[in-house]
Amino acid sequence: MTTAFTPPGPGSPTEAQLLLVEDDEVIRNTVRMALERYGFTVSTAGDGLTGLEIFREEQPDLLLLDVMLPELDGIGLCRRVREFSLAPILMMSARGDSLDVVSGLEAGADDYVVKPCESAVLVARIRSLLRRASFTPVARAPRAGAPGSDDTADPDTLAFGDLTIDTRGMEVRRAGEPLALTPTELRMLLEFAGSPGVVLERRTLLSRVWDHAWQGDTRVVDLHVQRLRAKIGAERIETVRGFGYKLRR
C-alpha cells in the first residue's frame, strides 16, 4: 500500500534529508559533499538493496539514484519504493539513453539528469522536486458552466465525470475511491483541472509543473501524462497532435 508523503518543512528545501544511491564511490562522495555544501543532509548507499533498506528506515525527503546499480538496479529500486512511498525520485543516467529515461519515468521517477551534471543544475532539480512536494496549490476555478463550476457545489471540489478533486484537502477520487498520486502527478492534474478543455502545450506543462527554466526534455511530460491516465482514466486526458494535452470536460 502506498503511503502519503510528508514533505520537508515549509520554506526550507535545503534542510531536507536526501538518500543518494550510487555504486561509484568517487562519484558518490563527490555528489554527497556537493549537496552537503548546499545545506542538505545526505545518506548514501552503494547498491540498490542497501538503498532500499535505508529508504525504509530513514524515509528521506527525496531519493537520488543511479540507473546502473548492483544487486538491485535503479529501475527496480524505483519500482519497489513506489510500492509504499510517494516521495520524489530523481534518477541519474550516465548516457541519457532514451531507454534509461523512459524506463525510469515509467517506474515512477519524477525527473532525471544526465551524468556528469553540474552541482548547480542538480541542486536546482532537487529544489524543484522538493518545492513541488511541499507546495500548497490553489487550483484555478473553471470558467462558468464548466465542470466543477456549479455554484451549489462545494467550491473546494472540482468534478469531471467520476473524477473529483478536493483542492483544499488535496485528495483525488475516482468513482469514490481515493487515488494515490505523486506530487508531480497531482500538480499536473491541477494544471489540467484549472483549464478544462484548454490545450496545454508540453513546454507549458514542463515550465509550470517541473519549474524548468531551461530547455527540459518533454518526454518527462509525456510519460507523466501516461502515468496519470492510468490512474484517472485514459479517456480523461486527450492528446491534441502537434500541440499538447487537454482535460476533457
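Residues numbered from 1 in each chain as written. Predicted model: local features only at pLDDT ≥ 70, side-chain atom pairs only at ≥ 80, totals over all residues. Heavy atoms only, no water.

1. As for the sheet that holds strand S11 (residues 237-240)
Okay, so step 1: Spatial ordering of the open sheet is given by S10-S12-S11, a layout of three strands whose pairing is antiparallel. Two strands bound the open sheet, and with one partner strand each, they are strand S10 (200-201) and S11.
Okay, so step 2: As paired elements, S11 and strand S12 (residues 244-247) share four bridges and run antiparallel to each other. When the sheet's bridge partners are listed, Ile237 is paired in S12 with Leu247.
Okay, so step 3: Of the strands in this sheet, S10, S11 and S12 are in contact with helix H6 (residues 183-194), which crosses S12 at around 70 degrees. (Pairing = 2+ DSSP bridges. Helix = DSSP H or I, 4+ residues; strand = E, 2+ residues; numbered from the N terminus. Contact = heavy atoms within 4.5 Å. Axes fitted to C-alpha atoms, helices over the stretch in contact; angles between N-to-C directions.)

2. A look at the environment of Leu64
Okay, so step 1: With respect to the helices and strands, Leu64 occurs in strand S3 (residues 62-66).
Okay, so step 2: The exposure class of Leu64 is buried, given its relative accessible area of 1%.
Okay, so step 3: Beyond its immediate chain neighbours, meaning those up to four positions away, Leu64 contacts Leu19, Leu20, Val21, Val31, Leu35, Leu90, Met92, Leu122 and Ile126. (Buried < 20%, exposed > 50% of the residue type's maximum accessible area, 1.4 Å probe, protein only.)

3. Re the sheet that holds strand S2 (residues 41-45)
Okay, so step 1: Strand order across the open sheet formed by five strands is S2-S1-S3-S4-S5, with parallel pairing between neighbours. Each edge of the open sheet carries a strand with a single partner, namely S2 and strand S5 (111-114). Strand-to-strand twist of the sheet, defined as the mean angle between neighbouring strand axes without regard to direction, takes the value 20 degrees.
Okay, so step 2: As defined by bridge partners, strand S4 (residues 89-93) adjoins S5 across four bridges and the pair is classed as parallel. Looking across to S5, one finds that Ser93 is bridged to Val114.

4. Quick word on the packing of aromatic side chains
Two descriptors summarise a pair of aromatic rings, namely the distance from one centre to the other and the angle between the planes of the rings.
Okay, so step 1: Taken as a whole, this structure holds one aromatic pair when the rule is applied.
Okay, so step 2: Ring geometry for Phe55 against Phe84: centres 5.8 Å apart, planes inclined by 65 degrees, an arrangement best described as edge-to-face. Remark: Phe84 occurs in the loop between helix H3 (74-82) and S4 and Phe55 occurs in helix H2 (residues 48-58); sequence separation between them is 29 residues.
Okay, so step 3: Taking relative accessible area as the criterion, Phe84 reaches 12% and is therefore assigned buried.
Okay, so step 4: Looking at Arg56, its charged tip hangs above the ring of Phe84, at a distance of 4.2 Å from the centre. (Phe/Tyr/Trp six-rings, centres within 6.5 Å; stacked < 30°, edge-to-face > 60°. Lys NZ or Arg CZ within 6 Å of the ring centre and 35° of its normal.)

From the geometry alone we can't say anything about function, so treat these as descriptive.
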